[in-house]
Amino acid sequence: LFFGPETCVNTGCTAALNADMERAMKIAKDAVVSFEYTLTDPEGEVLDSSEDGPMVYLHGHDQIVKGLEKELTGKQAGDALKVTVSPEEGYGEVGGGAPMNVPLSELPPDLEPEEGMGLNAVGKNGEEVTLWIREVKKDSVMLSLDHPLAGVTLHFDVKIKDVRKATKDELHHGHAHGPDGHHHH
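Residue indices begin from 1 for each chain and proceed along its sequence in written order. Owing to the predicted nature of the model, reporting of local features is limited to residues with pLDDT of at least 70; listing and counting of side-chain atom pairs is limited to 80 or more, with chain, interface and lining totals taken over all residues. Only heavy atoms go into the side-chain values, all of them from the structure, while hydrogens and water stay out.

A. Molecular detail of the overall build of the chain. We count a stretch as a helix when DSSP gives it H or I for four or more residues in a row; a strand needs E for two or more, and each element gets its number in order from the N terminus. Helix and strand counts for the chain come out as three helices and nine strands. N-terminal to C-terminal, the α/β element order of the chain is α-β-β-β-α-β-β-β-β-β-β-α. Residue burial in the chain is summarised as follows: out of 185 residues, 30% are buried. For the chain, contacts bridging at least 24 residues in sequence account for 58% of all contacts bridging at least 6. Note on areas: these come from Shrake-Rupley sampling with a 1.4 Å probe, and a residue is covered only by the protein chains present in the view. Accessible area for the chain stands at about 11,800 Å²; split by element, carbon and sulfur atoms hold 52% of it. Buried residues are those whose accessible area, probed at 1.4 Å on protein chains only, stays under 20% of the maximum for their type, while exposed residues exceed 50% and partly exposed ones sit between those limits. The contact rule is simple, with two residues in contact once any of their heavy atoms fall within 4.5 Å.

Structure representation (structure tokens):
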């Protein structure tokens, strides 16, 4: 038997129904999704995890790798799944050319470079590109166009924690805000 919101006579009943509908919401474009994950490489080495708290993103807005986003579509809170993502649907194949040696003096003075860090730069034609720090040397860094996980088949172990509709502000800003949809700048 299903009783819709029109049968509720008090706000507690309506709130409970709304909470049930949020819990049953399936992942689709413009949903805010919260999930825990462990990412491993083909040898089983842990590359990343959500041990510091769930990952929260706005579905359908290119905020996670394409292959994982595709597999999460249609799932809901409570679902657990293992997903294998090919390099083509992950961070791409290796092919950005040889790494470039760049003196530290050419980087922003307040930057503390770390291996694997991405730096936004402007390309020859004015396009924005991300350069990845491959190595930090005494007076320079080695930069590459290839993401550190380019060419790697990714293995995700995922547990979906929450799925909710994005707020108007989140859609306008193009990213998820806090758990309640509020953004704290």
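B. Looking closely at the nonpolar core. Only buried Ala, Val, Leu, Ile, Met, Phe, Trp, Tyr and Cys residues count toward a nonpolar core, and they belong to the same one when joined by side-chain atoms within 4.5 Å. Formed by 21 residues in total, the largest nonpolar core has its most connected members in Phe35, Leu68, Leu72, Phe156, Val158 and Ile160. Elements that contribute at least two residues to this core include exactly strand E1 (31–40), helix H2 (66–72), strand E4 (80–85) and strand E9 (154–165). The contact partners of Phe35, leaving out residues within four places of it in the chain, are Ser50, Pro54, Met55, Tyr57, Leu68, Leu72, Val158, Lys159, Ile160 and Lys161. Counting residues in hydrophobic clusters, the runner-up holds seven residues, among them Leu107, Leu119, Leu131 and Ile133.

C. Summary view of the sheet that holds strand E8 (residues 140–144). DSSP-based pairing: two strands are paired if at least 2 bridges between them are found. The strand order across the open sheet formed by four strands is E5-E8-E7-E6, and the pairing between neighbours is antiparallel. In the strand order of this sheet, the two ends are held by strand E5 (100–103) and strand E6 (118–122), each with one partner. Geometrically, the sheet is characterised by an average inter-axis angle of 45° between neighbouring strands, direction not taken into account. As paired elements, E5 and E8 share four bridges and run antiparallel to each other. What sits directly across from Asn101, in E8, is Met142. All axes are obtained by fitting lines to C-alpha atoms, using only the stretch in contact for helices, and the reported angles, taken between N-to-C directions, cover 0 to 180 degrees.

D. How the structure looks around the pattern of salt bridges. Definition used for salt bridges: Asp or Glu carboxyl oxygen within 4 Å of a side-chain nitrogen of Lys or Arg. On inspection of all chains with the given rule, the structure shows three salt bridges. Here Glu89 and Lys70 are joined by a salt bridge, their closest N and O atoms 2.8 Å apart. One end of the pair, Glu89, is in the loop between E4 and E5; the other, Lys70, is in helix H2, and 19 residues separate them in sequence. A salt bridge links Arg164 to Glu170, with the shortest nitrogen-to-oxygen separation between them at 2.8 Å. Its relative accessible area of 0% is what places Glu170 among the buried residues.

E. Molecular detail of the packing of aromatic side chains. Classification of ring pairs uses Phe, Tyr and Trp, with its six-membered ring standing for Trp, and accepts pairs whose centres are within 6.5 Å; under 30 degrees between planes counts as stacked, over 60 as edge-to-face, and the remaining range as tilted. Applying the stated criterion across every chain, the model contains three aromatic pairs. Plain terms: the ring middles of Phe35 and Tyr57 are 5.8 Å apart, the flat faces sit at 85° to each other, and that makes the pair edge-to-face. Of this pair, Phe35 sits in strand E1 while Tyr57 is found in strand E3 (residues 55–58), placing the two residues 22 residues apart along the sequence. For the pair Tyr37 and Phe156, a centre-to-centre distance of 6.4 Å together with 55° between the ring planes defines the contact as tilted. Of this pair, Tyr37 sits in strand E1 while Phe156 sits in strand E9, and the two are 119 residues apart along the sequence. Under the relative-accessibility criterion, Tyr37 is labelled buried at 12%. A relative accessible area of 7% means that Phe156 is categorised as buried. Here the aromatic cluster, defined as three or more aromatic residues joined through ring pairs, consists of Phe35, Tyr37, Tyr57 and Phe156.

F. Main features of the environment of Lys165. Considering the arrangement of structural elements, one finds Lys165 in strand E9. Residues Lys165 and Val33, spaced 132 residues apart in sequence, show a C-alpha to C-alpha distance of 8.8 Å.

G. Examining the pairing of strand E2 (residues 46–49) more closely. Taken together, the three bridges between E1 and E2 define a ladder with antiparallel strand orientation. Bridging from a neighbouring strand, Thr38 pairs with Ser49 of E2. Linking E1 to E2, which pair antiparallel, is a turn of five residues; within it Gly44 sits at a positive phi near 90°.

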